[in-house]
Amino acid sequence: MNKQQIDYITCVIGALSQMTGKPCSLIYRNLQSAGIIKDYLSAAYDVLHTFSLEYVAEDVIQIMKKKGYVLC
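Let me sum up the structure you'll find in this document.

Basis of the calculations
Residues numbered from 1 in each chain as written. Predicted model: local features only at pLDDT ≥ 70, side-chain atom pairs only at ≥ 80, totals over all residues. Heavy atoms only, no water. Helix = DSSP H or I, 4+ residues; strand = E, 2+ residues; numbered from the N terminus. Rg over C-alpha atoms; globule rule 2.2 N^0.38 Å. Buried < 20%, exposed > 50% of the residue type's maximum accessible area, 1.4 Å probe, protein only. Arc of directions from axis to C-beta. Contact = heavy atoms within 4.5 Å. Patch = residues over 30% accessible without salt bridge, like charges linked within 9 Å, V, L, I, M, F, W, Y side chains within 5 Å. Areas by Shrake-Rupley, 256 points an atom, 1.4 Å probe, with all protein chains shown as cover. Salt bridge = Lys/Arg side-chain N within 4 Å of Asp/Glu carboxyl O. Axes fitted to C-alpha atoms, helices over the stretch in contact; angles between N-to-C directions. Left-handed = near helix turned anticlockwise from the far one by under 90°.

1. Section: the overall build of the protein
Reasoning step 1: Each helix and strand in the protein was counted, giving 5 helices and 0 strands.
Reasoning step 2: For 72 residues, the compact-globule formula gives about 11 Å, and the C-alpha radius of gyration of the protein, at 11 Å, lands near that figure.
Reasoning step 3: With the C-alpha coordinates aligned to their principal axes, the bounding extent of the protein is approximately 25 × 20 × 20 Å.
Reasoning step 4: Considering the protein as a whole, with its 72 residues, one finds that 36% of them fall into the buried category.

And the structure:
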């Protein structure tokens, strides 16, 4: 992961935190345990960073639900 990817993932986590009202640390732990950071946000960074943070955050919420994880 490079600095741009880390910065982007941090922004997505912040957007999720604002949308859900939950702390960033909780969001990060849940995304990490579900493999979303490595397998989705980092792996698809080249495409994802062209979309709005809100769109990606909503997509992450849907992916978490499909995987059976609770985001927060």
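Next comes the rest of the account.
2. A closer look at helix α2 (residues 24-34)
Reasoning step 1: If you check which residues of α2 are buried, you get Ile 27, Asn 30, Leu 31 and Ala 34. An end-on view of α2 places all buried positions within 100° of arc, on one side of the element.
Reasoning step 2: Tucked inside the fold, the buried residues of α2 contact α1 (3-20), α3 (36-42) and α5 (53-67).
Reasoning step 3: Positive phi appears at Gly 35, one or two residues downstream of α2, with a value of about 80°.

3. Some words on the environment of Met 1
Reasoning step 1: Considering the arrangement of structural elements, one finds Met 1 in the segment before α1.
Reasoning step 2: In the structure, Met 1 is positioned 26 residues away from Ile 27 in sequence and 19 Å away in space, judged by C-alpha atoms.
Reasoning step 3: Residue contacts for Met 1: discarding those within four places in its chain leaves Ile 6, Ile 9, Ile 37 and Ser 42.

4. Thoughts on the side chain of Gln 5
Reasoning step 1: On the secondary structure map, Gln 5 appears in helix α1.
Reasoning step 2: Setting aside its immediate chain neighbours within four residues, Gln 5 contacts Ser 42 and Tyr 45.

5. Some remarks on a nonpolar patch on the surface
Reasoning step 1: Together, Val 47, Phe 51 and Tyr 55 give the surface a local cluster of nonpolar side chains, amounting to about 300 Å² of exposed area.
Reasoning step 2: Take Tyr 55: its relative accessible area is 45%, and that puts it in the partly exposed class.

6. A few points about the packing of α1 against α2
In a pair of packed helices, the angle between the axes and the distance between the axes together describe the arrangement.
Reasoning step 1: In contact at an axis separation of 9 Å, α1 and α2 are set at 115° when each is read in the N-to-C sense. Two packed elements cross with a definite hand, and for α1 against α2 that hand is right-handed. Contacts between α1 and α2 involve Ile 13, Gly 14, Leu 16, Ser 17 and Thr 20 from the first element and Cys 24, Ile 27, Tyr 28 and Leu 31 from the second.

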